[in-house]
Amino acid sequence: MFTLIGNVFKNLRSKYATRLYPYEVRESFAGSRGKLEIDPDICIYCGICAKRCPANAIAVTRKPDKTWTLDPYRCIVCSYCIDVCPKKCLHMNAKHRSPE
Amino acid sequence: MAKNTIIPFGPQHPVLPEPIQLRLVLDEERVVSAIPVVGYVHRGLEKLAEQKDFLQDTYLIERICGICSFIHSLTYSMGIESMMGLTPPPRAQYLRVIWSELHRMHSHLLAVGLLADAFGFENLFMQLWRTREHIMDAMEATTGARVMLGTCCPGGVRKDIDPELLKFILTTLVTVEKEMDEQMPVLLNDYSVKQRLCGVGILDKQTAYERGAVGPTARASGIAMDLRTHGYAAYGELAVEPMVETDGDCYARTKVRVRELYQSISIIRKAIGQIPAGPINVPFKTKPDGEVIMRAEQPRGEVLYYLKGNGSDMLERLRVRTPTFANIPPVLAMLAGCELADVGVIVISIDPCISCTER
Amino acid sequence: MINNVENITVDNLLDKVASKLPLGFRFVTMTCVDCGEHFDILYHFDKNYELTNFRLGLKKGEPLPSISGLIFAALVVENEIQDLFGIKVNGLALDYEGRFLLTETAPERPLCRVPGVMIVEAGKPAEAAEVK
């Protein structure tokens, strides 16, 4: 009995294990997959990313206007599109999308 | 003789992390039998997998389970590789082992944490999950995601771990081991914990065998069965021993998980110690053709993949038999004859993953 | 390729399965595959990490005898096959009558290949409609 009591006293003395989230945000790790971003200047709008996306989250149109749109609610952040992009114009931002 | 009563346990119940209903047939306070009712989270992933190409399936397959996702994609990739006759390079095999074991650790910590919560030891539950957070950090640092690692693909792995991060994993393991040394004696030796776990939900060896129990549930009943000893990925070079207990009760199942946690730490250390340098994947142009059955050891037990390709991008059939699916008949055997108050602990002691079961 | 496959028929299914059990084989699971004209039903057994399989060819529309009388664990997977493929399984120890995984509003026999039926994905409505 009372096997965890030492731990309780230790926790009383140590600092919090959690953060006050919206005010104090954890730093992302360098390679973290946060959100997908595109460099529109390099993109050739070939549409390979849209075709290969497992979640159909990307839509690319060439006519009448060249557009590249991402549905963030469908995106599963797998970064497969980054692998298949011939121009390497896609990249992951380590910061996660903020809930606004 | 008193009349039998049927009461529903779940689908929403404080001890259940996922929805499953058990219709308990009771004689006073004693359970006579239990009927499982599933289907609350059936998503039809096997059907969807037939309509995506086999490379996209890698990411779909991971989402069968939110806990053992990496091992799902690993088994799937091994299946595709065996269909196409590919052999991933040795470094990829070691990286797969490292991530698999990290996954096993976070899954087991989650399982014993939930068990602590199920018998009402919330403090221990929070301590165990705090420890688990270090492993989640290690996974995010090495792959970029906490659970859906997305690093395993047919032919090898997509991402290398550089020496800096391998060192980070090792320092994480030191922290985790230190914290586990404080928590595990509480989980295994505390008086009130033992009162709730010892002798509860006994599954003897013969029943476990007949009902097809897998993973820690089978090992706690004295069946030495661990597919890692069979040596897929790089496990063949790491000498894995199955952790076997013989009592077959909830305590034995917990003890198996605790021993496997320490085993995983030593496997990761050994793997990092002898990881070879070299490429991390092999290129391929072929398409999957033929049939293959692939099995691997998940934290909850053996997972079986049946893949059938027809030489095109799409697979003709993809079938997954997850460990919890196999552990449902054994849990029904455990429930027969137990007290109503122990049902929650017994169900959690097999570490049920309902999303896996229904896909 | 799958090793250790033995072809069996509906008639000798129960005898073949019963012959495996005293030899120390563990029932792993069953797999049902829609092969167009017929169903392939595979029974997987494990001993010392080696899989042994039975392959049963079942004509569409024919019922499947249940092995859950011999192996209770088969009941879960047989109910699943009954749901997803619409195969009538006779003699189940516990019959959910097609409501094991699926509900009343779910598509019927979703894994059975019916020409023209496929999932319409939200992202690609136009393409899926063309296939129909």
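Look above for the structure.
Note that the structure is predicted; figures quoted are calculated from it, not measured.

**Quick notes on the pairing of strand S3 (residues 30-37) of chain B**
All names here are of chain B.
Item 1. Two elements, strand S2 (residues 21-27) and S3, share seven bridges in a ladder whose sense is antiparallel. Note on S3: the bridge partner recorded for Arg23 is Ile35.
Item 2. Here S2 folds back onto S3 in antiparallel fashion, the turn holding two residues, of which Glu28 has a positive phi close to 55 degrees.

**Some words on the sheet that holds strand S1 (residues 5-8) of chain C**
Residues and elements named next belong to chain C.
Item 1. Read across the open sheet, the four strands follow the order S1-S4-S3-S2; overall the sheet is mixed. For this open sheet the edge positions go to S1 and strand S2 (26-34), each flanked by a neighbour on one side alone. Recorded for the sheet is a direction-independent mean angle of 20 degrees between the axes of neighbouring strands.
Item 2. Where strand S3 (residues 38-47) lies against strand S4 (residues 50-59), ten bridges are found, and the strand directions are antiparallel. Each residue of the ladder has a partner; that of Asp40, found in S4, is Gly57.
Item 3. Where helix H1 (residues 13-20) meets the sheet, it contacts S1, S3 and S4, and its direction lies at approximately 170 degrees from that of S4.
Item 4. The sheet strands contacting helix H2 (residues 74-85) are S2 and S3, and the helix crosses S2 at an angle near 5 degrees.

**Thoughts on H1 of chain C**
All names here are of chain C.
Item 1. Burial in H1 covers these residues: Leu13, Val17 and Lys20. Along H1, the residues classed as buried sweep out an arc of 55 degrees about the axis, all on the same side.
Item 2. Residues of H1 that are buried make contact with S1, S3, S4 and strand S5 (64-65).

**Details of the environment of Lys194 of chain B**
Residues and elements named next belong to chain B.
Item 1. Within the fold, Lys194 resides in helix H7 (residues 191-197).
Item 2. For the pair Lys194 and Cys250, spaced 56 residues apart in sequence, the C-alpha to C-alpha distance is 9.5 Å.
Item 3. Not counting residues within four places of it along the chain, the set of residues in contact with Lys194 comprises Leu188, Asn189 and Tyr251.

Cut-off values and rules
Residues numbered from 1 in each chain as written. Chains lettered and ligands numbered in written order. Predicted model: local features only at pLDDT ≥ 70, side-chain atom pairs only at ≥ 80, totals over all residues. Heavy atoms only, no water. Pairing = 2+ DSSP bridges. Helix = DSSP H or I, 4+ residues; strand = E, 2+ residues; numbered from the N terminus. Axes fitted to C-alpha atoms, helices over the stretch in contact; angles between N-to-C directions. Contact = heavy atoms within 4.5 Å. Buried < 20%, exposed > 50% of the residue type's maximum accessible area, 1.4 Å probe, protein only. Arc of directions from axis to C-beta.

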